[in-house]
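Residue-level listing of the chains:
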Amino acid sequence: GSYVPKATWHKRKIQKEYNFLRLQRPSLNHHYKGIEGGYTCQKCNIKFVVKATSEQSFEAEPEGFDPKGILDSLKTSLDAFYRFSRPHTVIGTALSIISVSLLAVEKLSDISPLFFTGVLEAVVAALFMNIYIVGLNQLSDVEIDKINKPYLPLASGEYSFGTGVAIVTSFSILSFWLGWIVGSWPLFWALFVSFVLGTAYSINVPLLRWKRFAVLAAMCILAVRAVIVQLAFFLHMQTHVYKRAVVFSRPLIFATAFMSFFSVVIALFKDIPDIEGDKVFGIQSFSVRLGQKPVFWTCVTLLEIAYGVALLVGAASPCLWSKIVTGLGHAILASLLWYHAKSVDLKSKASITSFYMFIWKLFYAEYLLIPFVR
């Protein structure tokens, strides 16, 4: 019981000296007060306390682990990347590839592990390229987005320009790497053409930045969303996964034609809410040149025509279940479109943006119907 650790002995010694000084404080204060007004003793006392505290620092506990702070930081990072990736385009890309892949299914046994592997390869590679395209567009439009879309990470300052460049570069490399190791030429060419058109659409160098010109901008979106997605990913499944001969079936032709209408509508409509920033930075979209109202009703009319054609295609199908599903489905979508269009306030940016998101929901719904066209 006579053994005392050195650290404990040292601690007790400091405490005794400190207590002694506190007992002597009144007299010390009185003594120094006559010389320097009491300041010197007070300073001495403070100095001692600081020293005593530092001497005891070896017993301090380490700062506790804060899981809540780390979780909040992770949520913030994920939310920023979610907005950077433009989720409505991500969902549209994934749904379109899955839907078009189903058009290559000829019999029930085709839906096998081989099918799911082929779809997964295509979806992941395409999503990586999608993030490159939307990210590059944001890098090229930081100043415009500060007016039109201030909630995006680059426009709001959550991401630095260097961070955006790093993300965009990484995802483009990952996309091409995956397309190469899969060994599917339709998939690789789909990625390459999307890369070229996406770059030409956004990047601000001489002869490019095609988004400044309404027709070229629409053609870029039409080529990717209507042609590349339908044909290339169908051929990826048909020739690479199933090892079958190239064939352009009736459902594939319908999907390409219908999505051509839809892609034009998306190309036109996406600029309607952004008219303010586009005017400032000289982007000559159709909405800037013609006005919001004419472009809005042109988009609605084009979609209603497309739904009318889809009804005729469904009625001409030799399969009864295809007639019912495609006919009823497109009739419902056409009715919903007209109902929502009449309630849009063209003077409200929030109302127009909300309707634009509704257009994307119709886009998703169409890809749910396309596999039933037979």
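None of the values given here were measured: they were computed from a predicted structure. (Residues numbered from 1 in each chain as written. Predicted model: local features only at pLDDT ≥ 70, side-chain atom pairs only at ≥ 80, totals over all residues. Heavy atoms only, no water.)

*Asks:* I keep staring at the side chain of Ser202 and nothing clicks. Help me out?
*Replies:* Within the fold, Ser202 resides in helix α9 (residues 185-202). Look past the residues within four positions of Ser202 in its chain and what remains in contact with it is Leu136, Asn137, Ser140 and Arg209. (Helix = DSSP H or I, 4+ residues; strand = E, 2+ residues; numbered from the N terminus. Contact = heavy atoms within 4.5 Å.)

*Asks:* Looking at this structure, I do not really get the nonpolar core. What am I missing?
*Replies:* Burial of nonpolar side chains together is a common tendency in soluble globular proteins. Formed by 83 residues in total, the largest nonpolar core has its most connected members in Phe262, Phe296, Tyr307, Phe355, Ile359 and Leu362. If near-sequence neighbours (up to four positions away) are discounted, Phe296 is found in contact with Phe269, Ile272, Ala341, Val344, Leu346 and Phe355. (Core = buried A, V, L, I, M, F, W, Y, C linked by side-chain atoms within 4.5 Å. Buried < 20%, exposed > 50% of the residue type's maximum accessible area, 1.4 Å probe, protein only.)

*Asks:* What am I meant to see in the confidence of the model for the chain here?
*Replies:* Low pLDDT marks regions whose predicted coordinates should not be analysed in detail. Taken over all residues, the pLDDT of the chain has a mean of 84, while the share at 70 or more is 83%. Across the chain, helix α8 (residues 161-182) holds the top mean pLDDT of 97, while helix α2 (residues 39-55) sits lowest at 41. Every residue in residues 1-9 is under pLDDT 50, and counting partners more than four places away or in other chains gives three contacts. For residues 20-61, every residue scores under 50 in pLDDT, and the model assigns this stretch 22 contacts once sequence neighbours within four places are set aside. (pLDDT = per-residue confidence, 0-100.)

*Asks:* What's the story with helix α4 (residues 87-102) in this structure? I'm lost.
*Replies:* Residues spaced three or four apart along an α-helix point in a common direction, a consequence of the helix completing one turn every 3.6 residues. With 16 residues, α4 extends 23 Å from end C-alpha to end C-alpha; this agrees with the ideal 22 Å at 1.5 Å per step. Burial of α4 is extensive: twelve of the 16 residues sit out of reach of the surface. For α4, the set of buried residues is Pro87, His88, Thr89, Val90, Gly92, Thr93, Ala94, Ser96, Ile97, Ser99, Val100 and Ser101. Considering only its buried residues, α4 is in contact with α3 (67-84), α5 (113-140), α10 (214-241) and α16 (349-369). (Expected span 1.5 Å × (residues − 1).)

*Asks:* I keep staring at the environment of Lys361 and nothing clicks. Help me out?
*Replies:* Inspection of the secondary structure assignment puts Lys361 in helix α16. For Lys361, a relative accessible area of 54% corresponds to the exposed category. Along the sequence, Lys361 and Gly92 sit 269 residues apart, while their C-alpha atoms lie 8.8 Å from each other.

*Asks:* Can you help me understand helix α15 (residues 320-342) in this one?
*Replies:* With 23 residues, α15 should cover 33 Å at 1.5 Å per step; its first-to-last C-alpha distance of 34 Å lies within 8% of that length. Here α15 has its buried residues at Ser322, Thr326, Gly327, Gly329, His330, Leu333, Ala334, Leu337 and Ala341. Of the surrounding elements, those touching the buried residues of α15 are α11 (250-269), α14 (292-315) and α16.

*Asks:* Any chance you could explain the pattern of salt bridges here in plain terms?
*Replies:* If charged atoms from side chains of opposite charge come close, those side chains can pair. Summed over all chains, the structure comprises eleven salt bridges. Notably, a salt bridge pairs Asp141 with Lys211, separated by 2.3 Å at the nearest N-O pair. Here the residue Asp141 occupies a position in the loop between α5 and α6 (142-148), and Lys211 occupies one in the loop between α9 and α10, the gap between them amounting to 70 residues. The residue Lys146 makes a salt bridge to Glu143 at a minimum N-O spacing of 3.3 Å. (Salt bridge = Lys/Arg side-chain N within 4 Å of Asp/Glu carboxyl O.)

*Asks:* Please clarify how the packing of α15 against α16 should be interpreted in this entry.
*Replies:* Think of two packed helices as two axes; the pair is described by the angle between the axes and how far apart they sit. Where α15 contacts α16, the two axes come as close as 11 Å, and the packing angle between them is 180 degrees. With respect to each other, α15 and α16 are oriented roughly antiparallel. Residues Val325, Thr326, Gly329, His330, Leu333, Leu336, Leu337, His340 and Ala341 of α15 lie in contact with α16, whose contacting residues are Phe355, Phe358, Ile359, Leu362, Ala365, Glu366 and Leu369. Classifying every residue of the contact of α15 with α16 by side-chain character gives eleven nonpolar, four polar and one charged. (Axes fitted to C-alpha atoms, helices over the stretch in contact; angles between N-to-C directions. Parallel < 35°, antiparallel > 145°, perpendicular 65-115°, else oblique. Nonpolar A, V, L, I, M, F, W, Y, C, P; charged D, E, K, R; others polar.)

*Asks:* Before we go on, may I ask you to explain unusual backbone geometry in this structure?
*Replies:* The phi torsion of most residues other than glycine is negative, and most of the peptide bonds are trans. Of note, Leu207 is a non-glycine position whose phi angle comes to about 75 degrees, a positive value. Tracing the backbone shows Leu207 in the loop between α9 and α10. Even without glycine at this site, Lys243 takes up a positive phi of about 60 degrees. Among the structural elements, Lys243 can be located in the loop between α10 and α11. Judged by relative accessible area, which is 62%, Lys243 ranks as exposed.

*Asks:* Mind showing me how you'd approach a nonpolar patch on the surface here?
*Replies:* Taken together, Leu174, Trp177, Trp180, Ile181, Trp185, Trp189, Phe192 and Val196 make up a surface patch of nonpolar side chains, about 900 Å² in accessible area. Elements supplying a minimum of two residues to the nonpolar patch: α8 and α9. Mapped onto the secondary structure, Leu174 falls in helix α8. The exposure class assigned to Leu174 is partly exposed, which follows from its relative accessible area of 35%. (Patch = residues over 30% accessible without salt bridge, like charges linked within 9 Å, V, L, I, M, F, W, Y side chains within 5 Å. Areas by Shrake-Rupley, 256 points an atom, 1.4 Å probe, with all protein chains shown as cover.)

*Asks:* Please clarify how the packing of aromatic side chains should be interpreted in this entry.
*Replies:* Aromatic ring pairs are described here by two measures, namely the spacing of the ring centres and the angle between the planes. With the rule as written, the count across this model stands at 27 aromatic pairs. Judged by centre distance (5.3 Å) and plane angle (80 degrees), the ring pair of Phe115 and Phe116 falls under edge-to-face. Aromatic pair Trp185 and Phe188: ring centres 5.8 Å apart, planes at 80 degrees, arrangement edge-to-face. You can see Trp185 and its partner Phe188 sitting in helix α9, three residues apart, about one turn around the helix. Among the aromatic residues, those joined into a cluster by ring pairs are Tyr132, Phe176, Trp180, Trp185, Phe188, Trp189, Phe192 and Phe195. Here Arg244 stacks its cationic end above the ring of Tyr242, 4.4 Å away from the centre of that ring. (Phe/Tyr/Trp six-rings, centres within 6.5 Å; stacked < 30°, edge-to-face > 60°. Lys NZ or Arg CZ within 6 Å of the ring centre and 35° of its normal.)

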